[in-house]
Amino acid sequence: MRWALLSNSRLHHDSSNGHNRQQQDDTPLALRGNTVNPISVAPKIAIICGSGLGSLATILDEKIDFPYEQIPHFPQSTVPGHAGKLVVGKMGKVPVICMQGRFHYYEGYPLWKCAMPIRVFKLLGVEMIVVTNAAGGLNPDYKVGDLMIIKDHVNFPGFAGESFLRGPNDERFGPRFVALNSAYDTELRKLAKSVASELGMNDFVHEGVYTMVGGPNFETVAELRLMKLLGIDAVGMSTVPEVIAARHCGIKCFGFSLITNECVTSYDTDDEPDHEEVMEAASRRQNDLVRFVTAFVDTVKSAELISK
Ligand SMILES: O=P(O)(O)O[C@H]1O[C@H](CO)[C@@H](O)[C@H]1O
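Calculation criteria
- Residues numbered from 1 in each chain as written.
- Predicted model: local features only at pLDDT ≥ 70, side-chain atom pairs only at ≥ 80, totals over all residues.
- Heavy atoms only, no water.
- Salt bridge = Lys/Arg side-chain N within 4 Å of Asp/Glu carboxyl O.
- Helix = DSSP H or I, 4+ residues; strand = E, 2+ residues; numbered from the N terminus.
- Expected span 1.5 Å × (residues − 1).
- Buried < 20%, exposed > 50% of the residue type's maximum accessible area, 1.4 Å probe, protein only.
- Arc of directions from axis to C-beta.
- Contact = heavy atoms within 4.5 Å.
- Core = buried A, V, L, I, M, F, W, Y, C linked by side-chain atoms within 4.5 Å.
- Phe/Tyr/Trp six-rings, centres within 6.5 Å; stacked < 30°, edge-to-face > 60°.
- Axes fitted to C-alpha atoms, helices over the stretch in contact; angles between N-to-C directions.
- Parallel < 35°, antiparallel > 145°, perpendicular 65-115°, else oblique.
- Left-handed = near helix turned anticlockwise from the far one by under 90°.
- Polar contact = N/O pair within 3.5 Å; in protein donor to acceptor, adjacent residues only side chain to side chain.
- UniProt positions renumbered as here; feature names shortened; annotations may be inferred.
- 1 Å grid on protein atoms, 1.4 Å probe; cavity = no way out; pocket = protein on both sides within 12 Å on 5 of 7 lines; lining within 4 Å.

## Considerations on the pattern of salt bridges
Link 1 in the chain: Evaluated as defined, the whole model comprises nine salt bridges.
Link 2 in the chain: The partner of Arg291 in a salt bridge is Asp288, with the nearest N and O atoms 3.4 Å apart. Taken together, the residues Arg291 and Asp288, both in helix α10 (residues 286–302) and three residues apart, mark about one turn of the helix.
Link 3 in the chain: A salt bridge links Lys308 to Glu304; its shortest N-O distance comes to 3.6 Å.

## Section: helix α6 (residues 186–198)
Link 1 in the chain: With 13 residues, α6 should reach 18 Å at 1.5 Å per residue; the first-to-last C-alpha distance of 19 Å fits that figure.
Link 2 in the chain: Every buried residue belonging to α6 is among Leu188, Arg189, Leu191, Ala192, Val195 and Ala196, and all of these are buried. Looking down the long axis of α6, one finds its buried residues gathered within 165 degrees of arc, a one-sided arrangement. Structural note: α6 exposes Lys190 and Glu198 on the side pointing more than 90 degrees away from its buried face.
Link 3 in the chain: Along its buried surface, α6 packs onto β7 (128–137), β8 (147–155), β9 (205–212), β11 (252–262) and α10.

## Considering the environment of Cys253
Link 1 in the chain: Of note, Cys253 is situated in strand β11.
Link 2 in the chain: Relative accessible area serves as the criterion here: at 1%, Cys253 is assigned to the buried category.
Link 3 in the chain: Sequence separation between Cys253 and Lys90 is 163 residues, and the spatial gap between their C-alpha atoms is 19 Å.
Link 4 in the chain: Apart from the residues within four sequence positions on either side, Cys253 is in contact with Ile129, Ala183, Tyr184, Asp185, Leu188, Val243, Ala246 and Arg247.

## A short note on the nonpolar core
Link 1 in the chain: Membership of the largest hydrophobic core comes to 47 residues, with the highest contact counts inside it found for Leu86, Ile97, Ile118, Phe121 and Ile129.
Link 2 in the chain: The dominant element in this core, judged by the number of residues it contributes, is helix α4 (residues 116–124), at six residues.
Link 3 in the chain: If we skip the residues at most four places from it in the chain, Phe121 touches Ala46, Leu86, Ile97, Met99 and Val126.
Link 4 in the chain: Within the second largest apolar cluster, 37 residues are counted, among which are Ile47, Met91, Ile149 and Phe292.

## As for the packing of aromatic side chains
Link 1 in the chain: One pass over the full model with this rule turns up nine aromatic pairs.
Link 2 in the chain: A ring pair is formed by Phe254 and Phe256, whose centres lie 6.2 Å apart and whose planes are at 50 degrees; its orientation type is tilted.
Link 3 in the chain: Accessibility expressed as a relative area gives 1% for Phe254, which makes it buried.
Link 4 in the chain: In this structure Phe256 comes out as buried when scored by relative accessible area, which is 1%.
Link 5 in the chain: Ring geometry for Phe256 against Phe292: centres 5.5 Å apart, planes inclined by 75 degrees, an arrangement best described as edge-to-face. Taken as a pair, Phe256 in strand β11 and Phe292 in helix α10 lie far apart in primary sequence, 36 residues in all. Of the two residues, Phe256 and Phe292, neither departs from the other in class, the shared state being buried.

## Some thoughts on the packing of α6 against α10
Link 1 in the chain: Put simply, α6 and α10 touch, their axes get as near as 10 Å, and they point 125 degrees apart. Compared by their axis directions, α6 and α10 come out oblique. For the crossing formed where α6 meets α10, the hand is right-handed. Here Leu188, Leu191, Ala192, Val195 and Ala196 of α6 lie close against α10, whose contacting residues are Phe292, Ala295, Phe296, Thr299 and Val300.

## With respect to the side chain of Asp170
Link 1 in the chain: Along the chain, Asp170 turns up in the loop between α5 (156–159) and α6.
Link 2 in the chain: Polar contacts involving the side chain of Asp170 include one to the side chain of Arg172, which spans 2.7 Å.

## Here we look at α10
Residues that lie three or four places apart on an α-helix share one face, since the helix turns once every 3.6 residues.
Link 1 in the chain: Between its first and last C-alpha, α10 extends 24 Å over 17 residues, near the 24 Å set by a 1.5 Å rise per residue.
Link 2 in the chain: Regarding α10, the residues found buried are Gln286, Asp288, Leu289, Val290, Phe292, Val293, Phe296, Val297 and Val300.
Link 3 in the chain: Backbone geometry just after α10 places Glu304 at a positive phi near 55 degrees.

## Side note on the UniProt feature "binding site: phosphate" (unreviewed entry) in the protein chain
Link 1 in the chain: UniProt's feature table lists "binding site: phosphate" (unreviewed entry) at Ser51, His82, Arg102, Phe103, His104, Ala134 and Ser238, given in the numbering used throughout. Judged by maximum C-alpha separation, these annotated positions cover 188 residues in sequence but sit close together in space, the widest gap being only 13.6 Å. Lining of the largest pocket among the annotated residues: Ser51, Arg102, His104, Ala134 and Ser238.
Link 2 in the chain: Its place among the elements puts Arg102 in the loop between β6 (94–100) and α3 (111–114).
Link 3 in the chain: Those residues in contact with Arg102 that lie beyond four places of it in its chain are Ile48, Cys49, Gly50, Ser77, His82, Glu107, Val131, Thr132, Asn133, Ser238, Thr239 and Glu242.
Link 4 in the chain: Side-chain polar atoms of Arg102 contact the backbone oxygen of Thr132, separated by 2.9 Å.

Next up, the structure:
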């Protein structure tokens, strides 16, 4: 398959959600047919790199980069630690596409736009996403540098009626109402835990519940205490819209959080989270993350959980 810029007329959302449908219909996106850098196979897995986790894309073989600014009307990355490009290549034997830079609601993008790349991936033939993020640890057993396989999420923006799926449903992608009770695929989670064991990572790999807040402010002590009561283990400002978009169009989801800071749930401290700390923690775990994701993707292929 070859790659190019293609109109995203099949990716529009309705203007009732605040954006210009005509502009969207005219927007070209990076897809098939590029005569400059053709690759032979379409990606099966999309990897969304969280804050400071872009090195997952740098290890691909036969890489082709598509900087977001060269993709007309594609959102732009504005957050440090998000390089802002699609990288297509091979992870081992598996053709993958990486988002080196994701879009967040707090950047000013509506949720439909934050997760619109997932529909691009669907059109490319992607069958599974590996969604990663940097997150604050709420569970007292979690330490900075730990990994949390996401078992489930609590969608705070969703409680306020905000959703990637808000507005008229596009039946070409999926149904009006979508079930999320097994959004984070059970088989993939099992497989990831066995990969972690084989790599000797059990000491720092957990499984838990992620929540998305709107950001960009970090949370108050009272908010974090509320989240703890709800059984939430880690908190961030992303991921949920991407997972909803993926489940809506039948893409399997596997996700994990890298715990980059401990949430401050006491009034008796001067500790404060900041984004530099988040990126430093992410950077310290890069090598382990690359090992984990590479082995995971390889095992997914061996287990035939993606098509040949
Ligand atoms: O979720 P990712 O993109 O990994 O980034 C996380 O890190 C940033 C805060 O430091 C926020 O954007 C939060 O969502």
